[in-house]
Amino acid sequence: MTRQGQDTFFAETLSDSPGVTISHPTGNPAPKRQVAWNAADLMSMVFPEPNWAVPGIIAEGVSLLCGPPKVGKSWASLDLALQVAAGGQAFGRIPVEQGDVLYLALEDTPQRLQSRMGMLLEGRPAPTALTVVVEFPTMDRGGSEAIDNWLTNHPNARLVVIDVFTKIRGGNAPGVSAYEADYAAIGAIKRLADRHAVPIVVVHHVRKMKDDDFLSEVSGTHGVAGAADATMVLKRARAQADGVLAVTGRDIDETEYAMSWSSDTGAWSLLDGDVEELTATDTRAAILGYLRDNPGTGPTAIARGISLGTSNVKNTCQRMRDEGLLVADPAGKYTRIA
């Protein structure tokens with residue numbers, strides 16, 4: 001499809017959707033931003049607090065939401081969009097400020113979205129502040145201008161969700177390295193987030209190869225995660241928790257959240273309790289639970305207390321010590337690391 005044909009198709013397809021247009025911005029250009037100071041002047045500046053879609057987790061800027069196929073990224077992102085548009089609770093427990101939301105569901109059909117929203121809403125009315133789009137041009141073929149226009153026309157916007165990145169990324173310019181292309185693609189989205197001071201969540205995939213550093217699991221070159229302000233990786237857990245949401249960012253503390261997924265509603269919820277204990281294997285969970293109440297205990301006593309073999313408990317404690325989960329005193333007695 002030609003550029004003109006694509007633009008026409010997009011405009012016609014979304015002609016009935018309020019606030020969504022492919023036309024380029026008109027009127028006066030955006031005011032210039034100050035980009036240089038002397039150190040003393042910079043230290044005297046008073047900057048506004050960042051806008052948060054989900055306090056402590058998703059701030060203004062670009063946040064990647066990554067995970068393997070079928071892990072539940074789209075369920076999580078759709079529920080976030082619904083909660084912010086309605087002023088509800090993200091992940092079942094974090095109150096969020098209400099505002100307009102643009103959700104680009106580029107791998108879904110209207111029928112699937114209707115079905116999933118029906119499950120997530122559980123009988124509540126659908127929020128009119130949520131705009132859902134299933135057809136959208138790539139960033140280099142009008143997508144950037146369309147998002148810019150929507151944000152300009154919705155000054156109360158609190159969140160934009162792009163599901164998924166590959167559908168909006170566009171092609172690589174000739175002679176540009178893969179790293180530069182990935183960085184530029186996320187950078188184009190980041191410019192919109194920065195200009196409008198709005199959080200933009202970009203759903204993306206992870207590599208098949210596992211890595212101890214969850215940032216290294218993000219698909220593509222390091223340019224994808226490098227250009228983003230924050231990265232979230234949703235993984236399947238090993239035991240009690242259904243998943244773990246690992247989060248890190250420039251202005252966000254690196255942490256992990258134990259998550260539970262409801263097959264009845266499709267919603268992800270934060271779990272109470274220590275993430276290591278909630279996601280550990282049965283043996284590790286039993287050891288952590290026992291040491292919580294009995295710190296400074298040797299493997300023989302631990303094994304007796306949890307009714308497991310001494311050799312198994314001893315080897316598991318040594319591995320947990322090496323991984324920084326336990327500390328051992330000179331006598332070989334273990335204590336949890338808080």
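Overview of the structure. Everything numeric in this text was worked out from a predicted model, so none of it was measured. (Residues numbered from 1 in each chain as written. Predicted model: local features only at pLDDT ≥ 70, side-chain atom pairs only at ≥ 80, totals over all residues. Heavy atoms only, no water.)

Scanning all chains against the criterion turns up one cavity of 30 Å³ or more. Taken as a whole, the largest cavity spans an internal volume of roughly 40 Å³. For the lining of the largest cavity, the residue count by class is eight nonpolar, no polar and no charged. (1 Å grid on protein atoms, 1.4 Å probe; cavity = no way out; pocket = protein on both sides within 12 Å on 5 of 7 lines; lining within 4 Å. Points joined across faces, edges and corners; volume = space filled by probe spheres on them. Nonpolar A, V, L, I, M, F, W, Y, C, P; charged D, E, K, R; others polar.)

Our focus in this paragraph is the environment of Asp272. By secondary structure assignment, the location of Asp272 is in the loop between strand E13 (268-270) and helix H9 (275-279). Looking at Asp272, the relative accessible area reads 56%, which means it is exposed. In sequence terms Asp272 and Tyr257 are 15 residues apart; their C-alpha atoms lie 9.2 Å from each other. For Asp272, the residues in contact, after removing those within four places along its chain, are Arg93 and Leu278. (Helix = DSSP H or I, 4+ residues; strand = E, 2+ residues; numbered from the N terminus. Buried < 20%, exposed > 50% of the residue type's maximum accessible area, 1.4 Å probe, protein only. Contact = heavy atoms within 4.5 Å.)

Our focus in this paragraph is the packing of aromatic side chains. Applying the stated criterion to the full structure yields two aromatic pairs. Ring geometry for Trp75 and Trp261: centres 6.2 Å apart, planes at 65 degrees, overall edge-to-face. Placement of Trp75 in helix H3 (residues 73-86) and of Trp261 in strand E12 (residues 255-261) is noted, with a sequence separation of 186 residues between them. (Phe/Tyr/Trp six-rings, centres within 6.5 Å; stacked < 30°, edge-to-face > 60°.)

Ordered in space as E7-E6-E8-E9-E3-E10-E11-E12-E13, the nine strands form an open sheet in which the pairing is mixed. Both outer strands of the open sheet, strand E7 (130-133) and E13, are each paired with one neighbouring strand and no more. Across the sheet, the axes of successive neighbouring strands diverge by a mean angle of 20 degrees, strand direction being ignored. As judged from the five bridges shared by strand E11 (residues 243-249) and E12, these two strands associate in the antiparallel manner. Bridging across to E12, Leu245 finds its partner in Tyr257. On the sheet, helix H7 (residues 178-196) packs against strand E3 (61-67), strand E8 (157-163) and strand E9 (199-205) and is oriented at approximately 130 degrees with respect to E3. (Pairing = 2+ DSSP bridges. Axes fitted to C-alpha atoms, helices over the stretch in contact; angles between N-to-C directions.)

In short, shape yes, function no, at least from these values alone.
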